[in-house]
Amino acid sequence: MEQLQPGDLINRRYRIESQSAARANAYLATDLRSGRTVNLTFVPLDEARLKQTARLRELKHHHILPLLTLETYEDSLCVVELPVEGPTLQQRLEAAEIFSISEIMELGLALARALEYVHSRDIVHGALHPQQILFTSTGIKVRGFGGQPEEPTYLAPEQQLQDARPTPGADLYTLGAILYQLLTGQLPQITEAGGLLPPRELNLQLSQMQEHLVLKLLATPPTARYASAQQVRRIIS
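The model shown is predicted, which means the values in this text are computed figures rather than measured ones.

Undergrad: When you look at the sheet that holds strand β3 (residues 26-31) in this model, what are you seeing that I'm missing?
TA: One key point about sheets: their strands pair by backbone hydrogen bonds, in either a parallel or an antiparallel sense. The strand order β1-β2-β3-β4-β6-β5 describes an open sheet built from six strands, whose pairing is antiparallel. A single partner strand is all that each edge strand has here, and the edge strands are β1 (9-10) and β5 (69-73).

Listed below in structure tokens is the structure:
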């Protein structure tokens with residue numbers, strides 16, 4: 001899909017006002033029927049996303065940003081959401097904010113609950129990223145389900161293979177990568193010895209349980225990770 005310009009009309013209903021500075025293929029628009037300002041995010045339309053479309057419309061969870069509607073436009077799926085006041089995790093990271101361990105585990109619990117909910121409905125996020133995590137007046141919210149990954153940094157090894165489909169296990173790996181970054185101040189990287197640098201070597205305040213949680217989430221073989229987001233939620237709780 002070609003880049004949209006201010007004034008372009010989408011399905012004779014949404015007028016493009018500006019492009020998002022933070023997210024690719026995302027725009028601020030005006031809903032000409034209601035007069036509301038909305039966010040539009042365009043993702044490639046394929047068979048897998050078509051199967052998820054009906055279920056995405058039904059998502060109702062405290063930690064998931066609700067969708068207004070989903071529409072098709074040219075060869076893309078258009079996700080329509082209300083703008084949300086509050087920073088993203090990406091913005092807070094870029095501002096070099098310091099999170100306490102309790103705040104990080106609270107965030108991890110919120111993400112585990114959101115993933116548990118969608119996985120139980122045969123939905124995979126597939127593009128979880130700090131840019132898709134919002135801090136709002138009503139709590140932590142996740143958006144971007146079924147979207148394109150912002151970058152490969154947080155993706156599971158198997159998800160980086162050509163034509164690979166995201167899985168619940170890949171979502172759990174991404175959760176682990178986000179927690180590792182928040183707890184240690186750096187992204188997970190493979191050392192010369194072939195393994196991850198243990199988080200407690202970078203943050204002495206971490207408990208053995210917290211380190212084990214993160215390392216198991218980041219296991220390279222998907223079968224070595226936790227079996228489900230429900231299991232992760234129970235451990236963090």
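Having seen the model, we can carry on.
Undergrad: Sorry if this is basic, but what is going on with the pattern of salt bridges here?
TA: Between side chains of opposite charge, a pair can form as their charged atoms come close. Under the definition given, this model contains five salt bridges. The partner of arginine 15 in a salt bridge is glutamate 17, and the shortest N-O contact between them spans 2.9 Å. Owing to a relative accessible area of 32%, glutamate 17 belongs among the partly exposed residues under this scheme. The partner of arginine 225 in a salt bridge is glutamate 158, with the nearest N and O atoms 2.8 Å apart. Placement of arginine 225 in the loop between α5 (208-217) and α6 (229-236) and of glutamate 158 in the loop between β8 (139-142) and α4 (168-184) is noted, with a sequence separation of 67 residues between them. A relative accessible area of 4% means that arginine 225 is categorised as buried.

Undergrad: Would you take a moment to explain the packing of aromatic side chains for this structure?
TA: Aromatic rings considered in pairs are described by the distance between their centres and by the relative angle of their planes. If you walk through the whole model with that rule in mind, you get three aromatic pairs. An aromatic cluster is present here, built from Tyr27, Phe42 and Tyr73 joined pairwise through their rings. A cation over a ring is seen here: arginine 92 above phenylalanine 135, with NZ or CZ 4.4 Å from the ring centre.

Undergrad: Would you take a moment to explain the pairing of strand β7 (residues 133-136) for this structure?
TA: Along a regular strand, successive side chains alternate from one face of the sheet to the other. Burial along β7 is two-sided: Ile133 and Phe135 facing one way and Leu134 and Thr136 facing the other are all buried. Bridge count between β7 and β8: four bridges; the pairing is antiparallel. From the neighbouring strand, threonine 136 faces β8, where its bridge partner is glycine 139. Count of turn residues in the β7/β8 antiparallel hairpin: two residues.

Undergrad: Would you mind showing me how to read the pairing of strand β6 (residues 76-81) here?
TA: Here β6 lies mainly inside the structure; six of its six residues are buried. Alternating positions in β6 separate into two faces, Ser76, Cys78 and Val80 on one and Leu77, Val79 and Glu81 on the other, with burial throughout. Note that strand β4 (residues 37-44) and β6 share six bridges and pair antiparallel. Paired with proline 44 across the two strands is serine 76, which belongs to β6. Across five bridges, β5 lies against β6 in antiparallel orientation. Considered in β6, the bridge of threonine 72 is made with leucine 77.

Undergrad: How do you make sense of α5 when you look at a structure like this?
TA: In an α-helix, one turn spans 3.6 residues; hence positions three or four apart end up facing the same way. When α5 is considered as a whole, its buried residues turn out to be Gln210, Glu211, Leu213, Val214 and Leu217. Along the long axis of α5, the arc covered by the buried residues comes to 160°, so they all point the same way. Of the exposed residues in α5, those oriented more than 90 degrees away from the buried face are Gln208 and His212. On its buried face, α5 is in contact with α3 (101-119), α4 and α6.

Undergrad: Before we go on, may I ask you to explain the environment of asparagine 11 in this structure?
TA: For asparagine 11, the position within the fold is in the loop between β1 and β2 (14-19). A relative accessible area of 32% places asparagine 11 in the partly exposed class. Residues asparagine 11 and leucine 65, spaced 54 residues apart in sequence, show a C-alpha to C-alpha distance of 23 Å. Leave out the neighbours within four places in its chain, and asparagine 11 touches Glu71, Thr72 and Tyr73.

Cut-offs and rules
- The residue numbering used here restarts from 1 in each chain and proceeds along that chain's sequence as written.
- Thresholds applied to this predicted model are a pLDDT of at least 70 for local features of residues and 80 or more for the giving and counting of side-chain atom pairs; totals over whole chains, interfaces and linings are not thresholded and use all residues.
- Each side-chain value is worked out from all heavy atoms of the structure, with water and hydrogens disregarded.
- When DSSP locates at least two bridges between a pair of strands, those strands are taken to pair.
- Numbered from the N terminus, helices here are DSSP runs of H or I no shorter than four residues, and strands are runs of E no shorter than two.
- By salt bridge we mean one thing: a side-chain nitrogen of Lys or Arg within 4 Å of a carboxyl oxygen of Asp or Glu.
- Each residue is assigned to one of three classes by its accessible area relative to the maximum for its type, calculated with a 1.4 Å probe on protein chains only: buried under 20%, partly exposed between the two thresholds, exposed over 50%.
- Note on aromatic contacts: the rings of Phe and Tyr and the six-membered ring of Trp form a pair at centre separations within 6.5 Å, being stacked when their planes are under 30 degrees apart, edge-to-face when over 60 apart, and tilted otherwise.
- Criterion for a charge above a ring: Arg CZ or Lys NZ at most 6 Å from the ring centre, at most 35 degrees from the ring normal.
- Throughout, the arc means that of the directions going from the helix axis to the C-beta atoms.
- Contacts are assigned to residue pairs that have any heavy atoms within 4.5 Å of one another.

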